[in-house]
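# Commentary on secondary and tertiary structure
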Amino acid sequence: MKRDIVIYPDKRLKQHSKPVERFDAELHRLLDDMYDTMVEGNGVGLAAIQIAVPLRILIINVPVETDSEDPRVQQPKENTLEVINPVILEADGKTRYQEGCLSVPGYFEEVERFKKIKIEYQNRHGEKIILEDDDFLAIALQHEMDHLDGRLFIEKLSILKRKKFEKEWKKRQKKNL
Ligand code: CO
């Protein structure tokens, strides 16, 4: 079931999320709802805090190549990477990539990240897994892990770009009222 996405500058996005302790049916329902919310919002990743649940959970689903316009075909549920209680073990190099965020809809900007990261996390059954990547997944993981500590990608912009963003964002919010 799709849930409402928390939109910037809602203060809940600044919360530090707490570790997951129970790997039960409630967690599984939350993960399933996160998938529905992400896919229907046309996102490639989502952290639990973005649906107002302050737990250290994120999901990522990189779209596959297909002619279908159905988001559930572009991002099959079984491809979803479910990452719980992640910890960075290693981080190396630098890269820049244009990022966006379902909590900052319609805004995209380049930010700097580590090129390569190695993390340890738990899956929905509580099993520990080690994952290493130096491509798009590494960037997406860093973006989503920032959410768990209350950080957004716009906080990584230069001061000038940040000011420009705030101005545009306020203007847009007035329009939507
Ligand atoms: Co985001």
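Below or above, wherever it landed, is the structure these notes cover. Since this is a predicted model, take the numbers as computed values, not measurements. (Residues numbered from 1 in each chain as written. Predicted model: local features only at pLDDT ≥ 70, side-chain atom pairs only at ≥ 80, totals over all residues. Heavy atoms only, no water.)

Turning our attention to the coordination of the cobalt ion. At the metal site, the cobalt ion is ligated by Cys101 (SG), His143 (NE2) and His147 (NE2), and these contacts range over 2.1 to 2.3 Å. Within one chain, the residues serving as donors to the cobalt ion are arranged as C-x41-H-x3-H. Here His143 and its partner His147 are both found in helix H3 (residues 136-148), four residues apart, which amounts to about one turn of the helix. Residue His143 shares its accessibility class with His147, and that shared class is buried. (Donors = N, O, S within 2.8 Å, 3.2 Å for Na, K, Ca; no water. Helix = DSSP H or I, 4+ residues; strand = E, 2+ residues; numbered from the N terminus. Buried < 20%, exposed > 50% of the residue type's maximum accessible area, 1.4 Å probe, protein only.)

Within this structure, the stated rule accounts for six aromatic pairs. Between Tyr107 and Phe153, the aromatic rings sit 6.3 Å apart at their centres with planes inclined by 35 degrees, giving tilted as the arrangement. A residue pair is termed long-range when its members are at least 10 positions apart, and Tyr107 in the loop between strand S4 (95-99) and strand S5 (109-113) and Phe153 in the loop between H3 and helix H4 (159-176) qualify at 46 residues. (Phe/Tyr/Trp six-rings, centres within 6.5 Å; stacked < 30°, edge-to-face > 60°.)

Moving on to the pattern of salt bridges. One pass over the full model with this rule turns up 21 salt bridges. One salt bridge in this structure joins Arg162 and Glu166, with 2.9 Å as the shortest N-O distance. Separated by four residues within a single helix, Arg162 and Glu166 lie in helix H4, roughly one turn from each other. Each member of the salt-bridge network shares a partner with another, and the members are Arg56, Glu99, Arg113, Asp146, Asp149 and Arg151. (Salt bridge = Lys/Arg side-chain N within 4 Å of Asp/Glu carboxyl O.)

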